[in-house]
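Reading the structure
Listed here are the chains, written in short residue letters.
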Amino acid sequence: MVWIPGGTFRMGSDKHYPEEAPAHRVSVDGFWIQPTPVTNRQFRAFVEATGHETFAEIAPDPKDYPGAKPQMLKAGSLVFRPPGRPVDLRDWSNWWNFEFGTNWRRPYGRNSTNRGLDDHPVVHVAYRDALAYANWIGADLATEAEWEFAARGGLDEAEFAWGDTGLNPDGREMANIWQGQFPNENLTLDGYERTSPVGSFPANGYGLYDMIGNVWEWTSDFFAPRHTDEPAKACCIPKNPRGAAEAASFDPRQPQIRIPRRVIKGGSFLCAPNYCRRYRPAARHAEPVDTSTCHLGFRCVVRPAEAEKT
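This report concerns the structure included in the present document. Note that this is a predicted model, so its numbers are computed, not measured.

Turning next to the nonpolar core. In this structure, Phe43, Trp162, Trp218 and Phe298 are the most contacted members of the largest nonpolar core, which totals 31 residues. Those elements that place two or more of their residues in this core are helix H1 (40-50), helix H2 (127-136) and strand E7 (216-222). The dominant element in this core, judged by the number of residues it contributes, is H2, at four residues. Grouped together as the second largest cluster of nonpolar side chains are 18 residues, Val26, Ile33, Ala151 and Leu208 included.

What follows concerns the packing of aromatic side chains. Enumeration according to the criterion identifies 23 aromatic pairs in this entry. An angle of 75° between the planes, with centres 5.6 Å apart, marks the rings of Tyr127 and Trp218 as edge-to-face. On the criterion of sequence distance, the pair formed by Tyr127 in helix H2 and Trp218 in strand E7 is long-range, its members being 91 residues apart. Judged by its relative accessible area of 9%, Tyr127 is buried.

Attention shifts here to the sheet that holds strand E11 (residues 301-302). Strand order in this open sheet of three strands is E1-E4-E11, and the pairing throughout is antiparallel. Strand pairing shows two members of the sheet lacking a second neighbour, strand E1 (2-4) and E11, which therefore form its edges. The pairing of strand E4 (residues 31-33) with E11 spans two bridges and is antiparallel. Within the sheet, the bridge partner assigned to Ile33 lies in E11 and is Val301. Here helix H3 (residues 144-152) sits on the sheet and contacts E1, E4 and E11; the angle it forms with E4, its principal contact strand, is near 70°.

Below, the discussion takes up unusual backbone geometry. With an omega dihedral of -10°, the bond running from Ala21 to Pro22 counts as a cis peptide bond. Mapped onto the secondary structure, Pro22 falls in the loop between strand E2 (7-11) and strand E3 (24-28). Residues Phe182 and Pro183 are joined by a peptide bond in cis, for which omega reads 0°. Here Pro183 lies in the loop between H3 and E7. With phi around 50°, Asn240 is a residue other than glycine that occupies positive phi space.

So, how was this worked out
Residues numbered from 1 in each chain as written. Predicted model: local features only at pLDDT ≥ 70, side-chain atom pairs only at ≥ 80, totals over all residues. Heavy atoms only, no water. Core = buried A, V, L, I, M, F, W, Y, C linked by side-chain atoms within 4.5 Å. Buried < 20%, exposed > 50% of the residue type's maximum accessible area, 1.4 Å probe, protein only. Helix = DSSP H or I, 4+ residues; strand = E, 2+ residues; numbered from the N terminus. Phe/Tyr/Trp six-rings, centres within 6.5 Å; stacked < 30°, edge-to-face > 60°. Pairing = 2+ DSSP bridges. Contact = heavy atoms within 4.5 Å. Axes fitted to C-alpha atoms, helices over the stretch in contact; angles between N-to-C directions.

Given below as structure tokens:
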């Protein structure tokens, strides 16, 4: 793992999506973090050693999804399918399909395979799967503050993980994101239609790869629709902050479903300038803990106090 020295930084942004605001100062203690997302090879070793079944491999319990159609209560996961034509960007069902038999072993449908993708990030992992792996190696998932601090690579308040030089400095592709008009036109200027092998793009200032793009990454914080306010005095800067309470993370648009949501960070190969500009350290999104997709993975951290226990 890579040691991150910790410090004080300005978390969030006032320039983009409302859930990133307000920008505010926080401090984090030093910690170790994996330099890349967890790969299929690493996750396979965990499954073989423990017999772990991922959330996507287990049929949903009807009591957790009141009103769900019985025929939909089968094991599966969300897969991106390009519509091949311009569509209404307000309706994500135009490109996301819940497909039975899809999981980390079969990332693009029941007839697909992850053969040849050993060095790609593992995907179709729900929150509990990521946490189970982390615990297996004696680690944890980062808090949102830790993750964002690490992603910035020492460049406090910079727009991108590589600085303020634009999305493609000197015409160079810095991360695996979407080029073209999402979701129907993928120009693959970065060389990848889907995930890429970890470490395919430049590291940030801390030597960390794929903190931006490739796959979204789970954090341990519950989601809230906004950050806390900027502290009035320097003495009151939050130290090692945690996210919202679990009850505050439920989706208000689905009051009948009480599924907590966690913060995910970093964007993915599906982030595009015309749709999802979340290829920035400050960007954040809410993800239900029961949800897995073809563009969501994770990496682990170890804090000094945790290391002393092992």
